[in-house]
Amino acid sequence: MLMLLPISARLSGQAIRPSSSKSLSFGRSLTLRSSSTAAAATASSAANNNANNNNFSIKLPTVAALVGASLLTGYCVGSVHTEQITEIQKDRALPKGERGCCSCDEEGSKEEATKLTESQTQLSTKLQKIVGKDHVHDGLHESSSTGKFLKGARLGYGKALCIVQPGTLEQAIKCLQAIVDAGCVVVPQGSNTGLTGGSVPRNDTEDTRPSVVLSMKRLDAHFPIDDGKRVVCLAGVGISTLASSISNWFPDRESHSILGSTFLNPTTAAGVAFGSGGTLMRKGPARTDRALYCKVSRNKWGENTVEVVNTLGIEGLQDSDFQEHSGENPVQKLDVYANDVRQGYRRTMAKSSKTGLQIKASDTDYQEKVCQYTKDVSRHNSDTTGEDCNRSEGKVLILATVHDTFQAPSKKRMFWVSFPDMETTAAFRREVCLDNPADLPISCEYLDRDSVDIIDRSGRIATYLIRYLGTGDIMGYLWNVKSAIGELPFSWAPLFCDKFLHVFNNWVPEAIPSKFLNKGREYDHNCMVAVGEFGDGSLDRFMERMDAFIKKDNDKALADDVSEGGKMITYVEAESQADITALNAFRFVAALAFKTYVVGEDLQGISVDYGLPKNYEGVPPLADSAVKPLKRMRYSHFGCNVIHEDIAYALGVDTHTEHMAFKQAVEVEGGKLPAEHGHGTEYRAPQDTQKRWMNMDPLNVLNPGIGGLSYLPKYGQK
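As a starting point, this report considers the structure included with it. In this text the structure is predicted, and so the values were computed from the model without any measurement.

## Comments concerning the pattern of salt bridges
Then step 1. Taken as a whole, this structure holds 35 salt bridges when the rule is applied.
Then step 2. For Lys395, the salt bridge identified is with Asp697, shortest N-O distance 2.9 Å. Here Lys395 is found in the loop between helix H14 (366–370) and strand S12 (397–404), whereas its partner Asp697 is found in the segment after helix H25 (687–696), with 302 residues between them in sequence.
Then step 3. Residue class for Lys395 comes out buried when judged on its relative accessible area of 0%.
Then step 4. Among the ionic pairs, Glu645 bridges to Arg632, the shortest N-O distance being 2.1 Å. Of this pair, Glu645 sits in strand S20 (residues 642–649) while Arg632 sits in strand S19 (residues 631–637), and the two are 13 residues apart along the sequence.
Then step 5. Through salt bridges that share partners, Arg430, Glu431, Lys552 and Glu617 make up one connected network.

And the structure:
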């Protein structure tokens, strides 16, 4: 049976804490730093690394001054030109369908319009008794403290009866039970960085049940098991925080997500719920079958029941370790262990059970699968395989997950490779990157010329912020500040930050060295390729293939006289860690830069993420009847052929029609949408995916309406 582990002593000379009467033998002990300490260490390390790059740097005070100046100037100009900016915002579609102005306040919310039952009226008070008064917020009246829970990062806005933030797993389960017993629906939420509207309340529906946001962000404890080969994460752990912790605990290991949207610090649970990730070709998308999660159903007496499903596979935490009616259960024991870790106690490390070792804690087949050059799509959000927590999109409440960690490369090289045409770029992917599963690169990220131009034009400040401040809590705070400014009661507020980030963008130096940027401006097709050595000679073999491919293609170009007036493959190597950090930051601010660009240029735009067949080597064509876009920004996780496409149009274009037409064009080519951002309220899921979600949540009380499902109780069925 699981008992609390023996506790040695508090860190930093604090008093020794009495151990539990029973204990587990969990192998070697490890002192764990808090997530905030680890995140601060990473930010400090990033700042130090870049401060040493004397040949290419910008002072942090300069960045802060520019941001401050932009805010002040924005306020002054916005106050003068309120009427003009209001007109510009009218019916203006921003990426992912977000509008320049929000009319929710004018329409009123469902919760305000619907007469509440007595149990619903008393729900906030009941939740306060569970989690404490400070962790229950009024969701009917938006404020600077609640707006971040009610408005999506790009799409979605609604009001809720209340917002509750449990601090323990047991509190989360009690809150879930209280909410459904009150006849409300639950909107599970992590960091609320989702892009398709599925993590915020929706008010414009036929359902009259009030919504409650169940924010899991306070559940941020995490700790290693199995000598660091795996890690346990409660639902609120951010992926950047986790990456920092693993790096500090085990320098030769990595967590799953160390690139991509880490600067926003989305939660690990959200990654599993969406099947996100895939930047790192050796790891695949976020996936685990080892989890602790809740499902809601109704028993034969008509009572709502919260079932806790436990597939964690940890010794002492399995259901079989507890006697029925003993008063002990895995949730309570995991809560105590996690609380001790959070407070800095020294604990003996846990181990996987024999059963747990047989359950997947990552997509272990991905390396083989991604190299199979077939008409199948590598990964997509409608995949129905795996434990119910995977790609559940809020139809179960994830409490905790177990994830594999990965061997860190002993040596790493990174290249900016530019190609004369798409055919050659695709051949490089097929013949060099995907030659065999053992020699996969760490990552291969594609950028077309429009992507390079737009990131350089509108993403310099964001790139520098990531380079100097790192990822995690600091960037998350700045993101929240930006969101709060957008919620100010001024007509110009929603566009203000992007407008002036765009204006001041060119006041700072280019964010990556010119040796890379010049190639990106010259060539239509570019790849950022990172390669590592993992102790088996894979780096040398990759380099041999790459050198041979480039020589063969360039020799052919010379023989065909194509090089006269044309271009050949070129590549530039990153010469320092500062170069690598700059390139990664440049690539992963692409989506932010696009929104800043369309706002700054008084345009509008749409964003789509999709997976193409693994053997597809072209670009999905726009329909003959389509409006010609002003910019078509394509950037992708090239190895798995997952594309992010941001398309800019002039004001006045019906972007919804163009959006629907483009989705159809992708599907005609054999593609699947969405690939990693989740269906949310923007995409309709296939029938088998909808059936899977309905089986998870037969009462439709968890995140109703996602993927085109009904909002009504029991999906409108009697």
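## Concerning the pairing of strand S9 (residues 291–298)
Then step 1. Within S9, six of the eight residues are buried, leaving the element largely enclosed by the surrounding structure.
Then step 2. With four bridges joining them, S9 and S12 adopt antiparallel strand pairing. Bridge pairing in S12 places Cys294 opposite Leu397.
Then step 3. Of the strand pairs in this sheet, S9 and strand S10 (residues 304–310) are connected by seven bridges, and their pairing is antiparallel. Its bridge partner being in S10, Val296 is matched across the sheet by Val306.
Then step 4. The loop that links S9 with its antiparallel partner S10 comprises five residues; one of these, Gly302, has a positive phi angle of about 80°.

## A look at the sheet that holds strand S15 (residues 443–448)
Then step 1. Spatial ordering of the open sheet is given by S17-S14-S16-S15-S19-S20-S18, a layout of seven strands whose pairing is antiparallel. Because the sheet does not close on itself, it has two edges, and the strands there are strand S17 (570–573) and strand S18 (604–611). Mean inter-strand twist for the sheet, computed between neighbouring axes without regard to direction, equals 15°.
Then step 2. As defined by bridge partners, S15 adjoins S19 across three bridges and the pair is classed as antiparallel.

## As for the side chain of Asn203
Then step 1. Among the structural elements, Asn203 can be located in the loop between strand S4 (185–189) and strand S5 (211–215).
Then step 2. The class of Asn203 is buried, set by a relative accessible area of 16%.
Then step 3. At a separation of 2.7 Å, a polar atom in the side chain of Asn203 contacts the main-chain amide nitrogen of Lys159.

## Some words on the sheet that holds strand S6 (residues 222–225)
Then step 1. Strand order in the open sheet formed by five strands is S6-S7-S12-S9-S10, with antiparallel pairing between adjacent strands. Each having just a single partner strand, S6 and S10 make up the two edges of the open sheet. The mean inter-strand angle of the sheet, taken between neighbouring strand axes irrespective of direction, is 20°.
Then step 2. Lying on the sheet, helix H10 (residues 239–249) is in contact with S6 and strand S7 (230–234); it crosses S6 at an angle near 45°.
Then step 3. On top of the sheet, helix H12 (residues 330–342) reaches S6, S7, S9, S10 and S12; it is set at about 100° to S6, its chief contact.

## Comments concerning a nonpolar patch on the surface
Then step 1. On the surface, Ile474, Tyr477, Leu478 and Val481 cluster together into a nonpolar patch covering about 340 Å² of accessible area.
Then step 2. Locating Tyr477 in the fold gives a position in helix H18 (residues 473–486).
Then step 3. Under the relative-accessibility criterion, Tyr477 is labelled exposed at 57%.

## Some details on the pairing of S4
Then step 1. Of all five residues in S4, five are buried; the element is thus mostly enclosed.
Then step 2. A two-sided burial pattern is seen for S4, the buried positions comprising Val185, Val187 and Gln189 on one face and Val186 and Pro188 on the other.
Then step 3. Examined bridge by bridge, S4 and S5 share five bridges and lie parallel to one another. Within S5, the position partnered with Gln189 by the bridge is Ser215.

## Considering the packing of helix H16 (residues 449–458) against helix H23 (residues 590–600)
Then step 1. Between H16 and H23, the least distance of the axes is 8 Å, while the angle of their chain directions is 70°. Taken as axis vectors, H16 and H23 run roughly perpendicular relative to one another. Mapping the contact onto sequence places Ile454, Ile455, Arg457 and Ser458 in H16 and Ala590, Ala593, Phe594, Thr596 and Tyr597 in H23.
Then step 2. Looking at side-chain class alone, the contact of H16 with H23 contains six nonpolar, two polar and one charged residues.

## Some words on the environment of Gln372
Then step 1. Secondary-structure assignment places Gln372 in the loop between H14 and S12.
Then step 2. Expressed as a C-alpha distance, the spacing of Gln372 and Pro437, which sit 65 residues apart in the sequence, is 9.3 Å.

## Quick word on helix H24 (residues 655–668)
Then step 1. Here H24 spans 20 Å end to end across 14 residues, near enough to the 20 Å set by a 1.5 Å rise per residue.
Then step 2. If you check which residues of H24 are buried, you get Thr655, Glu658, His659, Phe662, Lys663, Ala665 and Val666. On an axial view of H24, the arc spanned by its buried residues comes to 160°, and they lie on one face. Facing away from the buried side of H24 by more than 90 degrees, the exposed set consists of His656, Gln664 and Val668.
Then step 3. In the core, the buried residues of H24 are packed alongside S18, S19 and S20.
Then step 4. The backbone nitrogen of His656 lies 3.3 Å from a side-chain oxygen of the residue at the head of H24, namely Asp654.

Calculation criteria
Residues numbered from 1 in each chain as written. Predicted model: local features only at pLDDT ≥ 70, side-chain atom pairs only at ≥ 80, totals over all residues. Heavy atoms only, no water. Salt bridge = Lys/Arg side-chain N within 4 Å of Asp/Glu carboxyl O. Helix = DSSP H or I, 4+ residues; strand = E, 2+ residues; numbered from the N terminus. Buried < 20%, exposed > 50% of the residue type's maximum accessible area, 1.4 Å probe, protein only. Pairing = 2+ DSSP bridges. Axes fitted to C-alpha atoms, helices over the stretch in contact; angles between N-to-C directions. Polar contact = N/O pair within 3.5 Å; in protein donor to acceptor, adjacent residues only side chain to side chain. Contact = heavy atoms within 4.5 Å. Patch = residues over 30% accessible without salt bridge, like charges linked within 9 Å, V, L, I, M, F, W, Y side chains within 5 Å. Areas by Shrake-Rupley, 256 points an atom, 1.4 Å probe, with all protein chains shown as cover. Parallel < 35°, antiparallel > 145°, perpendicular 65-115°, else oblique. Nonpolar A, V, L, I, M, F, W, Y, C, P; charged D, E, K, R; others polar. Expected span 1.5 Å × (residues − 1). Arc of directions from axis to C-beta.

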